[in-house]
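Spelled out, the chains give:
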Amino acid sequence: MTEYARLLVERCIDPQPGWQVLVATTTEARPLAQELSRLLAERGAYALARIAFGGAFPVDLDWIEAAPPELAPTLAPLERHVLDEIDGSIFVLAPEPEPRRLDDAAVRAFRTHVTTYRDRGRSGTIPSVRCDFPCPAYAERAGLTLEEFADVFYEACLRDWDEERRLMEPVRERLDAAREVRIVGEETDLRLSLEGRTALVDDGHLNVPGGEVFTSPVEDSLEGRILLDVPSHSTDGLVERIRLRFERGEVVAASAETGEPALLRAIATDEGARRAGEFGVGCNHGLTRPLRNVLFDEKMAGTVHLALGAGFPQLGGRNESALHWDVIKDLRGGGELHLDGVVVQRDGEWLP
Amino acid sequence: MAAVTDDPRPRELATLLVDRSLDVQPGWQVSVRATPLARPLVTEIARAIARRGAYFLPRTHWGSERFRVDLDWAAEAPLELLAELPPIEQHAIATEDARLTIRAPEDVHAGSGLAPERRALLQRAMEPAGRRARSLGVRWAVAEYPTEAAAAEAGMTLPEFEDFVYGACLLDWDAEERRMRRIKERFDDAREVRIVGAGTDLTLSIEGREGIVSSGLRNLPDGEVFYSPVEDSAEGVIAYTEFPAVYLGHDVEDARLVFREGRVVEASASAGEDFLRQVLQTDEGASRLGELGLGCNPRITRFTRNVLFDEKIDGTVHLAVGGSYTYAGGKNESAVHWDMVKDLRPGGELHADGELVQRDGRWLI
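Residues numbered from 1 in each chain as written. Chains lettered and ligands numbered in written order. Predicted model: local features only at pLDDT ≥ 70, side-chain atom pairs only at ≥ 80, totals over all residues.

Peer 1: Before we move on, could you go through the overall build of chain B and cite the residues and values that matter?
Peer 2: Scanning chain B from terminus to terminus reveals 11 helices and 20 strands. The globule rule puts the C-alpha radius of gyration for 365 residues at 21 Å, and the 20 Å found for chain B is close to it. Taken along the three principal axes of its C-alpha coordinates, chain B extends 55 × 50 × 40 Å. Expressed as a percentage of its 365 residues, the buried residues of chain B come to 55%. Counting contacts in chain B only where the partners sit at least 6 residues apart, residues at least 24 apart contribute 71% of the total. (Helix = DSSP H or I, 4+ residues; strand = E, 2+ residues; numbered from the N terminus. Rg over C-alpha atoms; globule rule 2.2 N^0.38 Å. Buried ≥ 20, exposed ≤ 12 C-beta atoms within 10 Å, placed from the backbone. Contact = placed C-beta atoms within 7 Å.)

Peer 1: So, the overall build of chain A: which residues are in play, and what are the values?
Peer 2: When helices and strands are counted, chain A shows 10 helices and 19 strands. What you see for chain A is a C-alpha radius of gyration of 19 Å, in line with the 20 Å of a compact globule of 352 residues. Along the three orthogonal principal directions, the C-alpha set of chain A runs to about 50 × 45 × 40 Å. A fraction of 69% describes how many contacts in chain A between residues 6 or more apart in sequence connect residues 24 or more apart.

Peer 1: I'd love a proper account of helix α1 (residues 9-21) of chain B, names of residues and values included.
Peer 2: All names here are of chain B. Taken together, the buried positions of α1 are occupied by Pro10, Leu13, Ala14, Leu16, Leu17, Val18 and Ser21. Buried residues in α1 make contact with α2 (39-51), β3 (98-103), β4 (139-144), α8 (158-169) and β8 (219-220). Phi for Asp23, located one or two positions after α1, is positive at around 45 degrees.

Peer 1: Tell me about the sheet that holds strand β7 (residues 200-202) of chain A, and name the residues and values.
Peer 2: Residues and elements named next belong to chain A. As summarised here, the arrangement of the 5 strands in space is β7-β9-β14-β15-β16, forming an open sheet in which the pairing is antiparallel. Only two strands of the sheet have a single partner each, and these edge strands are β7 and β16 (324-330). Averaged over all adjacent pairs, the angle separating strand axes in this sheet is 25 degrees, with direction ignored. Across 5 bridges, strand β14 (residues 276-282) lies against strand β15 (residues 303-309) in antiparallel orientation. (Pairing = 2+ DSSP bridges. Axes fitted to C-alpha atoms, helices over the stretch in contact; angles between N-to-C directions.)

Peer 1: Outline the interface of chain A and chain B, listing residues and values.
Peer 2: Interfaces are often sized by the accessible area lost when the parts come together. At the interface, 32 residues of chain A touch 33 residues of chain B. Among the secondary structure elements, those contributing two or more residues to the side of chain A that touches chain B are α2 (30-42), β2 (46-52), α3 (61-66) and α4 (77-85) of chain A. When residues in the side of chain A that touches chain B are grouped by element, the largest group, 7 residues, is from α2(A). Residues of the side of chain A that touches chain B, tallied by class, amount to 17 nonpolar, 6 polar and 9 charged. (Nonpolar A, V, L, I, M, F, W, Y, C, P; charged D, E, K, R; others polar.)

Peer 1: Could you give me a rundown of the environment of Pro261(A), with the residues and numbers involved?
Peer 2: Structurally, the position occupied by Pro261(A) is in helix α9 (residues 260-267). Residues Pro261(A) and Val239(A), 22 residues apart in the sequence, show an inter-C-alpha distance of 8.9 Å.

Peer 1: Got a sec to walk through the nonpolar core? Specific residues and values, please.
Peer 2: Ranked by size, the top nonpolar core spans 222 residues in total, and within it Leu8(A), Val21(A), Leu36(A), Leu17(B), Val30(B), Ile45(B) and Ile49(B) carry the most contacts. Beyond its immediate stretch of four places on either side in the chain, Leu8(A) contacts Ile13(A), Leu36(A), Ile90(A), Val129(A), Cys131(A) and Val208(A). (Core = buried A, V, L, I, M, F, W, Y, C linked by C-beta atoms within 7 Å.)

Peer 1: Help me get a handle on the confidence of the model for chain B, residues and values and all.
Peer 2: Averaged over all residues, the pLDDT of chain B equals 93, while 99% of them reach at least 70. We note a pTM of 0.85 for the whole complex and an ipTM of 0.83 for its interfaces. (pLDDT = per-residue confidence, 0-100.)

Peer 1: Account for the sheet that holds strand β17 (residues 337-343) of chain B, naming residues and giving values.
Peer 2: All names here are of chain B. With antiparallel pairing, the 5 strands of this open sheet are ordered in space as β7-β9-β15-β16-β17. Of all strands in the sheet, those bounded by a partner on one side alone are β7 (212-214) and β17. Adjacent strand axes in the sheet meet at a mean angle of 25 degrees, parallel and antiparallel pairs treated alike. As defined by bridge partners, strand β15 (residues 289-295) adjoins strand β16 (residues 316-322) across 5 bridges and the pair is classed as antiparallel. The residue of β16 that forms the bridge with Leu294 is Val317.

Peer 1: With reference to specific residues and values, describe α9(A).
Peer 2: Among the residues of α9(A), Leu263(A), Ala266(A) and Ile267(A) are the ones counted as buried. One side of α9(A) carries all its buried residues, which in axial view fall inside an arc of 90 degrees. (Arc of directions from axis to C-beta.)

Peer 1: Outline the environment of Thr282(B), listing residues and values.
Peer 2: Residues and elements named next belong to chain B. Take Thr282: it is sitting in the loop between α10 (273-280) and β15. Taking the number of C-beta atoms within 10 Å as the measure of exposure, Thr282 has 20 and is therefore buried. Expressed as a C-alpha distance, the spacing of Thr282 and Ala239, which sit 43 residues apart in the sequence, is 21 Å. When neighbours within four sequence positions are excluded, Thr282 is seen to be in contact with Ala120, Gln123, Ser334, Ala335 and Val336.

Peer 1: Quick rundown of unusual backbone geometry? Include the residues and the values.
Peer 2: The residue after Val208(A), namely Pro209(A), is reached through a cis peptide bond having omega 5 degrees. Tracing the chain through its elements places Pro209(A) in the loop between β8 (207-208) and β9 (212-215). With an omega dihedral of 5 degrees, the bond running from Leu220(B) to Pro221(B) counts as a cis peptide bond. Here Pro221(B) lies in the loop between β8 and β9 (224-227). The phi torsion at Asp23(B) lies on the positive side, around 45 degrees, for a residue other than glycine. With respect to the secondary-structure elements, Asp23(B) resides in the loop between α1 and β1 (29-34). The exposure class of Asp23(B) is exposed, given the 12 C-beta atoms found within 10 Å. Positive phi is not limited to glycine here, since Arg305(B) has a value of about 65 degrees.

Peer 1: Summarise the pairing of strand β5 (residues 192-197) of chain B; cite the residues concerned and give the values.
Peer 2: Residue and element names in this part refer to chain B. Relative to strand β6 (residues 200-205), β5 is paired through 6 bridges, and the arrangement is antiparallel. Opposite Arg194, over in β6, you have Thr203 as the bridge partner. Counted between consecutive antiparallel strands, the loop separating β5 from β6 contains 2 residues, among which Gly199 sits at a positive phi close to 65 degrees. Of the pairings in the sheet, the one linking β5 to strand β18 (residues 349-352) comprises 4 bridges and is antiparallel in character. Paired with Ile195 across the strands is Leu350, a residue of β18.

Peer 1: Quick rundown of the packing of α1(B) against α2(B)? Include the residues and the values.
Peer 2: Residue and element names in this part refer to chain B. Relative to each other, α1 and α2 sit at 45 degrees, their axes nearing to 8 Å. Taken together, the axes of α1 and α2 lie oblique to each other. Between α1 and α2 lies a crossing of right-handed hand. For the pair α1 and α2, the contacting residues are Pro10, Arg11, Leu13, Ala14, Thr15, Leu17 and Val18 in the first and Pro40, Leu41, Glu44, Ile45, Ala48 and Ile49 in the second. Considered class by class, the residues forming the contact of α1 with α2 number 10 nonpolar, 1 polar and 2 charged. (Parallel < 35°, antiparallel > 145°, perpendicular 65-115°, else oblique. Left-handed = near helix turned anticlockwise from the far one by under 90°.)

Peer 1: Let's hear about the packing of helix α1 (residues 2-13) of chain A against α2(A): which residues, and what values?
Peer 2: Residues and elements named next belong to chain A. Running from N to C, α1 and α2 point in directions that differ by 55 degrees, and their axes come no closer than 9 Å. When the interaxial angle is binned, α1 and α2 end up oblique. By crossing handedness, the relation of α1 to α2 is classed as right-handed. In contact with Thr2, Ala5, Arg6, Leu8 and Val9 of α1, α2 contributes Leu32, Glu35, Leu36, Leu39 and Leu40. Here the residues of the contact of α1 with α2 are counted per class, giving 7 nonpolar, 1 polar and 2 charged.

Given below as structure tokens:
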């Protein structure tokens, strides 16, 4: 865990003396939060701890649920000041075992808060990392004991990230050079354009674990259908086997075998929630099976993912939304990835 | 961890804090410091603040409610960083509309392991927050939430301690206020107060100072009438032999302070003397009195090693060395505010301008 904390502070944030670094987490991640405080102190930086109960971000769900509807989605001016002034931020997600059910308005307010919290990190203005802590809730979701889960977790997170970067660089070059992506597989044939867009490698700077190459697709370019067969937790519950049909970039049909209401709520968040803000390719070989945790599953080597909602302006993305929800397609069982008409990956393996 | 509790008392306490103590107004920004143990109370507070249309700024921590920084951080950070709160925190201190501190210790000695120089720097960094609170530039309150650690410290089981805490907090504060107002009126008329008791004969002036009746506004539990004594007036000696003087997780036994012209000129103790002297030397104001308080809570009769309660024990007085309350006319500035409690029930006396007004802890007025 100390090694993990060191990675977050030293590689992801690299704080300079006098920096004010937000450490946002929950009571479930206490040992890590305390270690992060110590390491920031060692580097001569301030640690601003924001500890929530159970929720993922420093957003108080009790307050959101009870606040007047016009107030609930707004951030206190003092919190906005915090977000404007910090020099770096570390978001450690660690939910409680009992997931909390929120009504639609509360979910929308929560998403607005989260988007605001992550805004400066997402746009690359300040170093910011979003990661997890191996807590019982995640282990249970993955169907593992906490000990087993912690092993998988640290295996995926504590990698030689400079070496990983070298391995992912060719993937980035291919995506950068490509105009059109086609994803083919079970109940899947989807095309999207990357023209004019820049791809980025996450080598453990933006997320821990890192291990993906991603970009924002051209907003109105998605055409076709896709079955996203890796389960995905949205803010309000598990969704399995999502089927989406895109026309001119917009979701025109959506269903799921489990959690369809959560899917429909998510894409109804706002205008941008029906479009994809991200296309990503998983490259982390430390991850071989889904843990029912998006942050990890989207990095699995042999998978691709789309995110419904907000895109990345610094990569050319223009889609705006309070939603950014990654949904994942496993290509290892008969899937293909085509770039400009050439098959580059089959069954999740890169072709020479 | 979703602790299902049917106990209505956290909600009652939350209502009292948000509606009476802080009187939260729409659009306010209210910070709430607490350990995770206080969750049932904090949850109710968050809801009560939301219902009033105000912002809730949760400041959950694992350390001491006295400091606005993380103790793990404070133990390692460079000294120059300790001396000043992060700019973001300074801005919050100057801007927040209300500040609520919940004492819910996991460890009643949290923070006591901090090196003295680090502690002193942190206290200095906190001084702007203290100044704004003591001048009522911000609406504030301190409350207790019962925990195992505090119960053990008080020598009670948790259920006993819960009864004790809520019993002392959930009073009819309007009635208490009327009762305490009579005591305040008697002392407001007086120029000089004399405290006599075991090893104690101390005189101080409250001339021109008005008493403050504390009836569920800034402390819960509450129940005291207090003054900012005239800064250079204390003469004589006071010996805190009945109870230890407890501060920042440290115990000082049999603290004995001798005052001349308002200043401590002699300080001794049978245990913790070094700590006592260090604190008195924190700054210029730390060796002068910032408060004279008269404990008036009828539900608090026993010492529990928790100053929030002990200073309210009916039949006790307390004197604080350090910063005084400017809203009570006080002028003493210090990063320290250490309340030490003197039990007057065993043979003590209180005199106002030469008239005996309390004997053995019982009012004669």
